[in-house]
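One-letter residues, chain by chain:
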Amino acid sequence: MIKVENIFKSFGNLKVLNDVSLNIARSEVVSIVGPSGAGKTTLLQIMGTLSRQDSGRVLINGIDVSSIGDKKLSKFRNLNIGFVFQFHNLLGEFTAFENVCIPAFIAGSDRRQTEAKATELLKMLGMQHRMNHKPSEMSGGEQQRVAIARALINSPSLLLADEPSGNLDTRNRDELHSLFFDLRDKLGQTIVIVTHDNDLAQRSDRKIVMIDGQITK
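I will try to describe carefully the structure that is included in this document.

How each quantity is defined
Residues numbered from 1 in each chain as written. Predicted model: local features only at pLDDT ≥ 70, side-chain atom pairs only at ≥ 80, totals over all residues. Heavy atoms only, no water. 1 Å grid on protein atoms, 1.4 Å probe; cavity = no way out; pocket = protein on both sides within 12 Å on 5 of 7 lines; lining within 4 Å. Points joined across faces, edges and corners; volume = space filled by probe spheres on them. Helix = DSSP H or I, 4+ residues; strand = E, 2+ residues; numbered from the N terminus. Buried < 20%, exposed > 50% of the residue type's maximum accessible area, 1.4 Å probe, protein only. Phe/Tyr/Trp six-rings, centres within 6.5 Å; stacked < 30°, edge-to-face > 60°.

Some details on the layout of surface pockets
Of the voids in this model, the largest pocket is the one considered here, and its volume is about 450 Å³. N78, I81, F83, P103 and R150 are, among the 19 residues lining the largest pocket, the residues nearest its centre. Put simply, the parts of the chain that give the lining of the largest pocket at least two residues each are α2 (70-80), β6 (81-85), α3 (96-106) and α5 (140-152).

Thoughts on helix α1 (residues 40-47)
Counting buried residues along α1, six of its eight residues qualify, which places the element largely inside the surrounding structure. Three or more residues of α1 are buried, namely K40, T42, L43, L44, I46 and M47. Once α1 ends, the next one or two residues include T49, with phi positive near 65°.

Comments concerning the packing of aromatic side chains
Overall, the coordinates contain one aromatic pair when judged by the stated rule. Here F83 and F85 contribute two aromatic rings whose centre-to-centre distance is 5.9 Å and whose plane-to-plane angle is 5°, an arrangement assigned as stacked.

If you want it as structure tokens, here you go:
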């Protein structure tokens, strides 16, 4: 599903990734752990095509995304990769339902089909009672569920999450972690999660440990 080959990345004189290679299988839930500054988020951003490496290759579904131009890459990202971040990044002026629909509208999807799928996703995630609420009217856990529905609206083959439970209380954190595995079981999602949460890392199919820009285990 994902093949990362010999990735190097530096910011000025700071070497952040040093010859990183890994393979991730379809429908696998993988956690990336390690101390702050280990390069975890940078690796996730490169896998998600949000950042480009200095050298090396990233292949997603056999496509070398390293060689795609910016315009085509934006379209590829919109259709194939869903993102979930620590701070939700929902648009405050729109309702939960509207936030979920936006990526599909950007992709040019049919409005009626998009709205039907957004409704289905929000129901699946237990958020049907919040569809017409704006982010300021929802709890952190509810906002994160809306963010996940938004990430799934274009049926991406890959879901990337960066500290998705970092701002949640214990109950919402546990529910969110279980949700990732439900998504894998129901939708066949491939999920890569950067986390400091050891419980989530231990539940994953595989735990990758990074230190000083390299995979150590």
